[in-house]
Amino acid sequence: MKTEFLLTEGGRSAIVQMAPKSKSSERIMKGRCPIFYRIPLSLRLVVTFVLPSILVSPLAASARVIRVPDDYASIQEAIRAATNGDTVSVGPGVYAEVVSITKSLTLERGSIENVIIQGSVYGSAPDITIEGFTIRGALTGIALSQADRSVVKDCHIGPITGGWNDPPNQTGQSVLAIRLTNSQDCRIENNTLIDLRAGSGAPAPPPDHTGPGGNGGAAIGLYLNDVENCQITNNRIRTCLL
C-alpha cells in the first residue's frame, strides 16, 4: 500500500509516494532528488514535483482580457471573439446594442466612469459574470437562462418604460429588470433596479374614447423561475410602477 504526502524544502514541493525498496529508488536518491536525502533508502520513492505551471487550470492559463473599444468597437464583437474563461472589459461610454452571451465569460465595467448599455443583456451559458453596468432603455435589462453558477452584481438597471403593444389588443408592455430561469447556484447581489414603469395600455378608441382600452402591463424588478440554491442579496428596487 502506497503512502502519499507533500514535502517542501527550499521553496520546492513534491508529492511523495512510498513503497518497498527497489534498485530504481536508489538511483533516484543518489543523483536526482537531493532534497530527499533525509528519507531512508529502505523506502522506494516515486516523486512527482508540483510546479506552479501545473497548479493553474488550462482554462485560467489561456484566459484573455478583451477591451472595448480598444480591441473591438462593440461589446458584441468582443464577445464573438472571446472564448470560455475570457474577460470582456468595457470602457466608458454609451453602447446601444443588444448583447447576447453564449460562452462562460466575464463581462465587466473596465472604468470607474459610467458604462451604459442602451439595450439588453441576454445570457445562456454557465459561469457568466455581469458586473458594474448601467443598463437601460429596453423592456428587459438582464435575462439569464440555463446559466448555472452565474453572477450579476453591482449593476444599475433602469429607467425602463413600457408603451403599448400593436393592435388589436394594444395592451400595455411589461418591463423587467432581471430575469433568471432554469439555473442553479447563481448569485444576484448589490444591484439597483430603479424607475421601472409598465405601459398603461392604449386608450379607448375614438371618436368619443369610451369603452375598453388596452390592459396595463406589469413592472417586475426581479423574476425567478425554476432556480435552485441561488443567493439574492442586497438588491434595491425603487419606483416600480404599474
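Because the structure is predicted, anything quoted here is derived from the model rather than measured. (Residues numbered from 1 in each chain as written. Predicted model: local features only at pLDDT ≥ 70, side-chain atom pairs only at ≥ 80, totals over all residues. Heavy atoms only, no water.)

Description of the pattern of salt bridges
A complete count under the given rule lists five salt bridges for this structure. A salt bridge links Glu189 to Arg187, with the shortest nitrogen-to-oxygen separation between them at 3.2 Å. With a closest N to O distance of 2.4 Å, Asp195 and Arg197 form a salt bridge. Judged by relative accessible area, Asp195 falls into the partly exposed class, the value being 22%. You can call Arg197 partly exposed: its relative accessible area is 33%. When salt bridges that share partners are traced, they join Lys153, Arg187 and Glu189 into one network. (Salt bridge = Lys/Arg side-chain N within 4 Å of Asp/Glu carboxyl O. Buried < 20%, exposed > 50% of the residue type's maximum accessible area, 1.4 Å probe, protein only.)

Things to note about the sheet that holds strand S8 (residues 106–109)
Overall, parallel pairing links the seven strands, which are arranged S4-S5-S8-S10-S12-S16-S19 in an open sheet. Of all the strands in the sheet, just strand S4 (65–68) and strand S19 (231–233) have a single pairing partner and so form its edges. Across this sheet, the average inter-strand angle for adjacent strands is 10°, counted without regard to direction. Here three bridges tie strand S10 (residues 129–131) to strand S12 (residues 151–153), and the two strands are oriented parallel to one another. Bridged to Ile130 within S12 is Val152. (Pairing = 2+ DSSP bridges. Helix = DSSP H or I, 4+ residues; strand = E, 2+ residues; numbered from the N terminus. Axes fitted to C-alpha atoms, helices over the stretch in contact; angles between N-to-C directions.)

A few points about the side chain of Thr87
Looking at the element boundaries, Thr87 is found in strand S5 (residues 87–90). Overall, the relative accessible area of 16% leaves Thr87 in the buried class. Non-local contacts of Thr87, meaning those with residues more than four positions away in its chain, are made with Arg64, Val65, Ile66, Thr106 and Glu108. (Contact = heavy atoms within 4.5 Å.)

Here's the deal with the nonpolar core
Judged by nonpolar contacts, the single largest core of 38 residues is most densely connected at Ile75, Val90, Ile101, Ile130, Phe133, Ile142 and Ile157. Secondary structure elements with two or more residues in this core: S4, helix H4 (75–81), S5, strand S7 (99–101), strand S9 (115–123), strand S11 (134–145), strand S15 (175–184) and strand S17 (192–197). For this core, the element with the highest residue contribution is S15, accounting for four residues. Not counting the four nearest positions on each side in its chain, Val90 is found in contact with Val68, Ile75, Tyr95, Leu107, Glu108, Arg109, Gly110, Ser111, Val115 and Phe133. (Core = buried A, V, L, I, M, F, W, Y, C linked by side-chain atoms within 4.5 Å.)

Points about the confidence of the model for the protein
In this model, the protein carries a mean pLDDT of 78, and residues with pLDDT of at least 70 account for 65%. Throughout residues 1–57 the model reports pLDDT below 50, and contacts reaching past four residues in sequence, or to other chains, amount to 81 contacts. (pLDDT = per-residue confidence, 0-100.)

Examining the side chain of Thr140
For Thr140, the position within the fold is in strand S11. Ignoring sequence-local partners within four residues, the contact set of Thr140 consists of Gly119, Ser120, Tyr122 and Leu176.

As for the pairing of S11
As paired strands, S9 and S11 are joined by seven bridges and run parallel to one another. Along S11, the bridge assignment pairs Ile117 with Ile135. Direction of pairing for S11 relative to strand S13 (residues 156–157): parallel, over a ladder of two bridges. Note that in S13 the partner of Ile135 across the bridge is Ile157. Bridging between S11 and S15 involves five bridges; their strand directions are parallel.

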